[in-house]
Amino acid sequence: MDRTNLVVSDVDGTLLGDDAALAELRNWYDQRRDRLKLVYSSGRFYQSVLESIRTTLLPEPSAVIGGVGTDVHIFGKDTPLEDWHYSFNGWDPAGVRAVLAAHPELQPQPDHLQSRHKLSYYGYDLPPEFIEHLQHQLEHRGYLANVVYSSQRDLDVLPRGANKGTAAAFIARHLEFAAEDVIVCGDSGNDLAMFQQPQFRGIVVANAHPELKALKSPRVYHALRPYAGGVLVGLQHWSSLLEG
Ligand code: GLC
Ligand code: MG
């Protein structure tokens, strides 16, 4: 790879999950730091991702996208990039909460997993019709919100336009990368939006949930290895193609 690529990767279930494979990826990446810039994108918040960086072999990234695309932090800066929040118009968390409270299938996640831009619930094995119904209900009441369902358990409601995909596009622009130089990696539903960004290339790890396994596109590589091993073979795949 002569060009520099930007790798935007999910953390839990994608980079984390197999320590030996992460060590292997880390070793490979350490020799290519000048050609691969790294951004983490997690459903967790910035401080929690920092804790994982401190306690595992995860390399230090250039930036961290936290809260399912709702906060974008340059690595080392406690305050998120303000510009990103300017696009969150028409977001009414109190109104959204009231709509969700009427559904006994949903239990709010603990307070430390909530923010002013991310309302999260647990709801087990919800069918796609339920998610669609919820989305329609919110639209009907005029709330500009987006429902994201992951791992048959986690339901996040985010301001319209905020997700891991749009946040990845935002940080790519901020770091001055063209969309075709971005490679995204993931394992579950909240990562789907990254794979839907036009021109991004993708890596789906072998342990991914069905919502990502179903992706079919020449721009999406389905790794035969799980976790960081899948990211490693995926990056090797894309780098050999990009090197031409
Ligand atoms: C992380 C977050 C949780 C969210 C889930 C899926 O586990 O902590 O709040 O629901 O990701 O996005
Ligand atoms: Mg994950």
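Coordinates for the structure precede this section.
Residues numbered from 1 in each chain as written. Chains lettered and ligands numbered in written order. Predicted model: local features only at pLDDT ≥ 70, side-chain atom pairs only at ≥ 80, totals over all residues. Heavy atoms only, no water.

K.L.:
I'd like a description of the pairing of strand S1 (residues 5–10), backed by residues and values.
P.N.:
For S1, the buried fraction is high: 6 of the 6 residues fall into the buried class. Covered by surrounding structure in S1 are Asn5, Val7 and Ser9 together with Leu6, Val8 and Asp10, the residues of both alternating faces. In terms of strand pairing, S1 meets strand S2 (residues 36–41) through 6 bridges, oriented parallel. Note on S2: the bridge partner recorded for Val8 is Val39. Running through helix H1 (residues 19–30), the crossover from S1 to the neighbouring parallel element S2 is right-handed. With 4 bridges joining them, S1 and strand S9 (residues 182–186) adopt parallel strand pairing. Note on S9: the bridge partner recorded for Ser9 is Cys185. (Buried < 20%, exposed > 50% of the residue type's maximum accessible area, 1.4 Å probe, protein only. Helix = DSSP H or I, 4+ residues; strand = E, 2+ residues; numbered from the N terminus. Pairing = 2+ DSSP bridges. Right-handed = clockwise from strand over helix to strand, strands pointing away.)

K.L.:
Tell me what's going on with the site of ligand 1, and back it up with residues and numbers.
P.N.:
The full set of residues close to ligand 1 is Gly43, Arg44, Val68, Gln109, Leu113, Lys118, Ser120, Asp154, Asp156 and Asn190. The contact in question runs from an oxygen atom of ligand 1 to an N or O atom on the side chain of Lys118, over 2.7 Å. Here an oxygen atom of ligand 1 and a side-chain polar atom of Asp156 are 2.6 Å apart. When ligand 1 is considered free in solution it has 310 Å² of accessible area, and contact with the protein chains removes 87% of it. Here ligand 1 occupies the largest pocket. The residue makeup of the shell around ligand 1, split by class, is 2 nonpolar, 4 polar and 4 charged. (Near = heavy atom within 4 Å. Polar contact = N/O pair within 3.5 Å; in protein donor to acceptor, adjacent residues only side chain to side chain. Areas by Shrake-Rupley, 256 points an atom, 1.4 Å probe, with all protein chains shown as cover. 1 Å grid on protein atoms, 1.4 Å probe; cavity = no way out; pocket = protein on both sides within 12 Å on 5 of 7 lines; lining within 4 Å. Sits in = over half its atoms within 2 Å of the grid points. Nonpolar A, V, L, I, M, F, W, Y, C, P; charged D, E, K, R; others polar.)

K.L.:
Outline the sheet that holds S1, supporting the account with residue identities and numerical values.
P.N.:
On the basis of which strands lie adjacent, the open sheet formed by 7 strands has the order S4-S3-S2-S1-S9-S10-S11 and mixed pairing. Because the sheet does not close on itself, it has two edges, and the strands there are strand S4 (71–74) and strand S11 (220–222). Going across the sheet, the axis of each strand differs from the next one's by a mean of 20 degrees, ignoring polarity. (Axes fitted to C-alpha atoms, helices over the stretch in contact; angles between N-to-C directions.)

So, to be careful, I would describe these as geometric facts and stop short of saying anything about function.
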